[in-house]
Amino acid sequence: MPSPLLKEIRHNPLLWLLVFVPVVFAGEKLAPGSHTLLFVLSVLAIVPLAALLSHATESVAAKTGDAVGGLLNATLGNLTELVIALAALRAGEYMLVKASIAGAIVANILFMLGASFLIGGLRHHVQEYNRVSARLQAGLLFLATIAMLVPSALAEAGAAAGTAVTHKLSVGLAVALIATYGLGMLFSLRTHREFFGSATHADAGEEGEVPWPISLALATLAGVTVLVALVSEIFVESVQEAAKSLGLTPAFVGFIVVALVGGAAEMASAFSAARKDRLDLSVGIALGSAAQIALFVAPVLVLLSYFVGPAPMDLQFWPAAVSMMLVATLTASLVTNSGRSAWFVGVLLLMVYLIFAMTLYLLPPRAQ
């Protein structure tokens, strides 16, 4: 009997793109200076890896429930963003780091959640999900946005203390955000877990799909995560030079390109779950990933910058980025208030993201 993994690869044409994984490694060795080619190959390699990660995560979620499954997928998916950001951090590309953080938060809230609502809504007339869980994530995101707004507001106001106070404040805020994220997980997964169960939805196996054995799913998650991290390193090394040849600014590359490629694994899982009427998993991945980036990944990068970066990094973002994060967070609070969704709600979220993307492309922020 063939392995479920081999069977999935044989029957899913998207996974045939896995051939680009060894190709991108070979290209990096044979033609390290072909940045645009390596950029394209790395994107083509990440897409099938994301699909594989999606299927493995769904198998784990079938055993653990959507709340834990969403948290697991968000955590593994954010490893890509963390690897990309660390590579940029070591190179001192702080604009790219901050743009990728802000972009990932906005993309997860608006693009991933909006596309999930649209994909699920086109197949199911109305979908329901646990609004308590969604509003908790939206509340965490609002707190993180306020924490990022304060250093930026001080800088815009021309605070006399200057850079030293901004760095000290950023460290304090980073510790506070990490602590809040840990307490939030304790609240939702331990002390008040009864409020965060999945809403009633169709059976995950409605299409005749049988979840993988948990051992195979976990092994696949581990192996694919390592491959995604390695391909992401090549992606980071090539994306900046490729962007210059394509006429893109570092802010646009970080906010749009890196955010979408880095979140490919989570997006594949969220879209697949929405199509199967498991919107709790989709919402958990989208908002959970955004909250994890804002309250854990970004603060960790601030603290790590004191050890791996050429200079300390702060939480001061340019005004447009803070505004976009704030609008995205408020939008998430509004659309998740009812715990129900239809396809047009997804269209509205996607239009907000499109407005941001066009604005950033035409009016890039000044270098900091």
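None of these values were measured; they are calculated from a predicted model.

### Regarding the overall build of the protein chain
- Secondary structure summary: the protein chain contains 13 helices and 2 strands in total.
- Accessible surface computed for the protein chain: about 15,700 Å², of which carbon and sulfur atoms make up 70%.

### A few points about the packing of aromatic side chains
- Applying the stated criterion across every chain yields a total of 6 aromatic pairs.
- Ring geometry for Trp343 and Phe344: centres 5.7 Å apart, planes at 85°, overall edge-to-face.

### Focus on the environment of Ala144
- The topology assignment puts Ala144 in helix α6 (residues 131-156).
- Distance in space between the C-alpha atoms of Ala144 and Phe296 is 9.7 Å, their sequence separation being 152 residues.
- For Ala144, the contacting residues outside a window of four places in its chain are Leu177, Ala294 and Leu295.

### A short note on the packing of helix α5 (residues 94-123) against helix α12 (residues 319-335)
- Closest axis-to-axis distance for the α5/α12 pair is 9 Å, and the angle between their directions is 30°. Between α5 and α12, the crossing angle belongs to the class labelled roughly parallel. Here α5 runs over α12; the crossing is left-handed. Contacts between α5 and α12 involve Ala102, Ile105, Val106, Ile109, Leu110 and Phe117 from the first element and Ala321, Met324, Met325, Ala328, Thr329, Thr331, Ala332 and Val335 from the second.
- Here the contact of α5 with α12 is composed, by residue class, of 12 nonpolar, 2 polar and no charged.

### Digging into helix α8 (residues 214-246)
- Of all bends in α8, the biggest is about 40°, found at Val239.
- After α8 finishes, the residue Gly247 shows a positive phi value of roughly 75°.

### Focus: the environment of Gly262
- With respect to the secondary-structure elements, Gly262 resides in helix α9 (residues 250-262).
- Overall, Gly262 belongs to the buried group, its relative accessible area being 1%.
- Separated by 219 residues in sequence, Gly262 and Val43 have C-alpha atoms that sit 9.5 Å apart.

### Remarks on the nonpolar core
- Judged by nonpolar contacts, the single largest core of 109 residues is most densely connected at Ile101, Ile105, Val106, Ile109, Phe235, Leu301 and Phe317.
- The element best represented in this core is α5, accounting for 16 residues.

### Digging into the side chain of His124
- The topology assignment puts His124 in the loop between α5 and β1 (127-128).
- For His124, the side chain forms a polar contact with the main-chain oxygen of Arg275, separated by 3.0 Å.

### Details of the packing of helix α10 (residues 264-275) against helix α11 (residues 279-308)
- Interhelical geometry of α10 versus α11 gives an angle of 155° and a closest axis separation of 7 Å. The orientation of α10 with respect to α11, classified from their angle, is roughly antiparallel. As for how α10 packs across α11, the hand of that crossing is left-handed. Residues Glu266, Ser269, Ala270, Ala273 and Ala274 of α10 form the contact with α11, whose own contacting residues are Leu279, Leu281, Ser282, Ile285 and Ser289.
- For the contact of α10 with α11, the per-class residue count stands at 6 nonpolar, 3 polar and 1 charged.

### A word on unusual backbone geometry
- With phi around 65°, Asp277 is a residue other than glycine that occupies positive phi space.
- By relative accessible area, Asp277 is classed as buried at 14%.

### Some thoughts on the side chain of Thr329
- Within the secondary structure, Thr329 is located in helix α12.
- In contact with Thr329, other than residues within four places in its own chain, are Ile109, Ala138, Leu141, Phe142 and Thr145.

### Topic: the environment of Ala85
- For Ala85, the location among the structural elements is in helix α4 (residues 66-90).
- Along the backbone, Ala85 and Val258 are 173 residues apart, and their C-alpha atoms lie at a distance of 9.4 Å.
- Filtering out sequence-adjacent residues up to four positions away, Ala85 remains in contact with Val97, Ser100 and Leu301.

### Notes on the pattern of salt bridges
- Enumeration over the complete set of coordinates arrives at 2 salt bridges.
- A salt bridge links Asp314 to Lys98; its shortest N-O distance comes to 2.8 Å. Pair noted here: Asp314 is in the loop between α11 and α12 and Lys98 is in helix α5, with a separation of 216 residues, a long-range link.
- Here Arg340 and Glu128 are joined by a salt bridge, their closest N and O atoms 3.7 Å apart. Residue Arg340 is found in strand β2 (residues 340-341), and its partner Glu128 is found in strand β1; the two are separated by 212 residues along the sequence.
- By relative accessible area, Arg340 is classed as partly exposed at 45%.

### Remarks on the confidence of the model for the protein chain
- A residue-level look at the protein chain finds 87% of positions with pLDDT of 70 or above and a mean pLDDT of 81.
- Contacts from residues 202-208, a stretch scored under 50 in pLDDT, to residues over four places away or in other chains number 10 contacts.

### Some details on a nonpolar patch on the surface
- Residues Phe142, Ile146, Leu149, Val150, Leu154 and Leu330 make up a contiguous nonpolar surface patch of about 430 Å² in total accessible area.
- Within the secondary structure, Phe142 is located in helix α6.
- For Phe142, a relative accessible area of 36% puts it in the partly exposed group.

About the criteria used
- Residues numbered from 1 in each chain as written.
- Predicted model: local features only at pLDDT ≥ 70, side-chain atom pairs only at ≥ 80, totals over all residues.
- Heavy atoms only, no water.
- Helix = DSSP H or I, 4+ residues; strand = E, 2+ residues; numbered from the N terminus.
- Areas by Shrake-Rupley, 256 points an atom, 1.4 Å probe, with all protein chains shown as cover.
- Phe/Tyr/Trp six-rings, centres within 6.5 Å; stacked < 30°, edge-to-face > 60°.
- Contact = heavy atoms within 4.5 Å.
- Axes fitted to C-alpha atoms, helices over the stretch in contact; angles between N-to-C directions.
- Parallel < 35°, antiparallel > 145°, perpendicular 65-115°, else oblique.
- Left-handed = near helix turned anticlockwise from the far one by under 90°.
- Nonpolar A, V, L, I, M, F, W, Y, C, P; charged D, E, K, R; others polar.
- Bend = angle between axes of the 7 residues up to and from the residue.
- Buried < 20%, exposed > 50% of the residue type's maximum accessible area, 1.4 Å probe, protein only.
- Core = buried A, V, L, I, M, F, W, Y, C linked by side-chain atoms within 4.5 Å.
- Polar contact = N/O pair within 3.5 Å; in protein donor to acceptor, adjacent residues only side chain to side chain.
- Salt bridge = Lys/Arg side-chain N within 4 Å of Asp/Glu carboxyl O.
- pLDDT = per-residue confidence, 0-100.
- Patch = residues over 30% accessible without salt bridge, like charges linked within 9 Å, V, L, I, M, F, W, Y side chains within 5 Å.

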